[in-house]
Amino acid sequence: MVNLTLLLCLVLGLCFSCRAEIKPESNNNALDLDIVHYQPEQVHLAFGERTASEIVVTWSTRSLPPSSDDERSSVVEYGLGDLKQRAYGEANKFVDGGEKQSTQYIHRVTLRELQANSSYVYHCGSSYGWSAKFQFRTLASAEPDWSPSLAIYGDMGNENAQSLARLQRETQLGMYDAIIHVGDFAYDMNTHNARVGDEFMRQIETVAAYVPYMVVPGNHEEKFNFSNYRARFSMPGGTENLFYSFNLGPVHFIGISTEVYYFLNYGLKTLVFQYEWLKSDLAEANRPENRAKRPWIIIYGHRPMYCSNENDNDCTHSETLTRVGWPFVHMFGLEPLLYEYGVDVAIWAHEHSYERLWPIYDYNVRNGSLGSPYENPRAPVHIITGSAGCKEGREPFKGKIPEWSAFHSQDYGYTRLKAHNASHLYFEQVSDDQQGAIIDKFWLIKSQHGSYSEL
């Protein structure tokens, strides 16, 4: 009997995206059929090591396309309005830690020497299957004298992803130069043998295939030592996407893993390595010639140092691990580093809400002045933006909000940042509950940048 699956493939003309290998007849004279899937999916972009001229394209296939001297398994065809250029990369096998040991191949190709301020079209795959055609625009310049725009949020799942439709539309309208997702994806990527992770990556393709999608891990990525998170993304720096930095216009961005403070069952080495790396990165960013060129320093990680939510999360207590370090000995605390090296803004998520703090250090409000609190403040400004939407719902606030909290909202939404120049940053919070209304906004203005101890 002819296998019905093979007949269906032949009739519908689907064999271009799935190759069938017909095995010898078994004892019952039937044909066994192994379907191998070479079609690219879950396409997303990230900045390469050279932010202004490199883009990394990442995608997945269920099976590894055959490779030879004439054909490669990981190819991106791209160009300025056409697909005349080719770049090649490699694929890594990823096996999920669930009981089914689900397998996929994650492909990475770096596009190098891209022209600034240019629109490229591309597709990815191999001669065994190609993705849809996407496009992206390179950064305006490698120099700092331009004004990047970003969308920033955390805690977005593939259920109740309230903000996704608006972000899809705005991304494809060209509103953003990059997106930063501050931890907690899919809820959770490992669930149902990583099927939930696959669904989430397909959902965000309509955003992440058009602009660099920069990420850091959250607590929901922890399973199997963050294996789904480490495998699926492609951040710069060679630290398995855990911590890295990049420059964008007048801003030096730093992404860190707050989770190294909480999941010590995976060891202490990564925590110590990240802390030493962060000190070195901040010191380099504060060299006079570098701080003059890129005066703003913005750090982002998943779990906040402060919050006024009504729950038992770490940030509701004064001795936050990321803020002061290990209990009692207070080693590896991050808040002193932010203060010493003059970090301007710290962006967090984890709480499913939005909150803007007054400039703060060690629970002391250090506003610029009574009339202009965000003009030349004497401490970092903290923002919590974890309300993009997930199945866990909203996070309530305390009955009495602390004096260091300037604004808070339970609305689903996300944050926009516009880095206008060396002296002005603009933030606004978009409410998806209120059809895209701006429910909070403020300017951060600085005439000088550097260590707060010297201000």
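Presented here is a report on the structure given in the accompanying data block. If you're wondering where the values come from, they're calculated on a predicted model, not measured in any experiment.

What counts and what doesn't
Residues numbered from 1 in each chain as written. Predicted model: local features only at pLDDT ≥ 70, side-chain atom pairs only at ≥ 80, totals over all residues. Heavy atoms only, no water. Helix = DSSP H or I, 4+ residues; strand = E, 2+ residues; numbered from the N terminus. Rg over C-alpha atoms; globule rule 2.2 N^0.38 Å. Buried < 20%, exposed > 50% of the residue type's maximum accessible area, 1.4 Å probe, protein only. Contact = heavy atoms within 4.5 Å. Areas by Shrake-Rupley, 256 points an atom, 1.4 Å probe, with all protein chains shown as cover. Polar contact = N/O pair within 3.5 Å; in protein donor to acceptor, adjacent residues only side chain to side chain. Patch = residues over 30% accessible without salt bridge, like charges linked within 9 Å, V, L, I, M, F, W, Y side chains within 5 Å. Salt bridge = Lys/Arg side-chain N within 4 Å of Asp/Glu carboxyl O. Core = buried A, V, L, I, M, F, W, Y, C linked by side-chain atoms within 4.5 Å. Axes fitted to C-alpha atoms, helices over the stretch in contact; angles between N-to-C directions. Pairing = 2+ DSSP bridges.

Glancing now at the overall build of the chain. Scanning the chain from terminus to terminus reveals eight helices and 28 strands. Compactness check: the chain gives a C-alpha radius of gyration of 23 Å against a globular reference of 23 Å for 455 residues, within 12% of the reference. Summarising its shape, the C-alpha atoms of the chain cover approximately 85 × 45 × 45 Å along the three principal directions. When the 455 residues of the chain are sorted by exposure, 56% land in the buried category. Across the chain, contacts joining residues at least 24 apart in sequence account for 68% of those joining residues at least 6 apart. Total accessible area on the chain is roughly 19,200 Å²; 48% of this is exposed by carbon and sulfur atoms.

With respect to the secondary-structure elements, Arg356 resides in strand 21 (residues 354-357). Residue Arg356 is classed as buried on the basis of its relative accessible area of 8%. For Arg356, the side chain forms a polar contact with the side chain of Asp440, separated by 2.8 Å.

A surface patch of nonpolar side chains, about 380 Å² in accessible area, is lined by Phe328, Val329 and Met331. Here Val329 lies in the loop between helix 7 (321-324) and helix 8 (335-340). Its relative accessible area of 52% is what places Val329 among the exposed residues.

Right, let's get into the nonpolar core. Counting residues in hydrophobic clusters, the biggest one holds 106 residues, and the most contacted among them are Val57, Tyr122, Phe253, Tyr300 and Leu425. Other than its neighbours up to four places away in sequence, Val57 contacts Val43, His44, Leu45, Val76, His107, Arg108, Val109, Leu111, Tyr122 and Cys124.

Put simply, helix 2 (residues 164-172) and helix 3 (residues 191-208) touch, their axes get as near as 8 Å, and they point 35° apart. The residues of helix 3 that touch helix 2, namely those facing Leu164, Leu167, Gln168, Thr171 and Gln172, are Gln203, Thr206 and Val207.

A word on the pattern of salt bridges. Pairing is possible between side chains that carry opposite charge, provided their charged atoms lie close to one another. Tallied over the full model, the rule gives 22 salt bridges. Where Glu289 meets Arg287, a salt bridge forms, and the shortest distance between an N and an O atom there is 2.5 Å. Between Glu335 and Arg323 there is a salt bridge, with the nearest N and O atoms lying 2.8 Å from each other. Pair noted here: Glu335 is in helix 8 and Arg323 is in helix 7, with a separation of 12 residues, a long-range link. With respect to class, Glu335 is no different from Arg323; both count as buried. Where salt bridges share partners, they join Glu41, Arg62, Asp198, Arg202 and Arg232 into one cluster.

The strand order 3-4-8-7 describes an open sheet built from four strands, whose pairing is antiparallel. At either margin of the open sheet sits one strand with a lone partner, and together these are strand 3 (41-47) and strand 7 (90-95). Neighbour to neighbour, the strand axes of the sheet diverge by 25° on average, direction disregarded. Running at roughly 55° to strand 3, helix 3 makes contact with strand 3 and strand 8 (103-111) of the sheet. On the sheet, helix 4 (residues 223-232) packs against strand 3, strand 4 (55-61), strand 7 and strand 8 and is oriented at approximately 40° with respect to strand 8.

Read from one edge to the other, the open sheet built from six strands follows the order 16-14-12-26-27-28, with strand pairing classed as mixed. Taken across any chain shown, the strands that pair with only one partner, and hence form the sheet edges, are strand 16 (213-216) and strand 28 (437-445). Each adjacent strand pair in this sheet contributes to an overall mean axis angle of 20°, direction not counted. Relative to strand 26 (residues 413-419), strand 12 (residues 149-153) is paired through four bridges, and the arrangement is antiparallel. Note on strand 26: the bridge partner recorded for Leu150 is Leu417.

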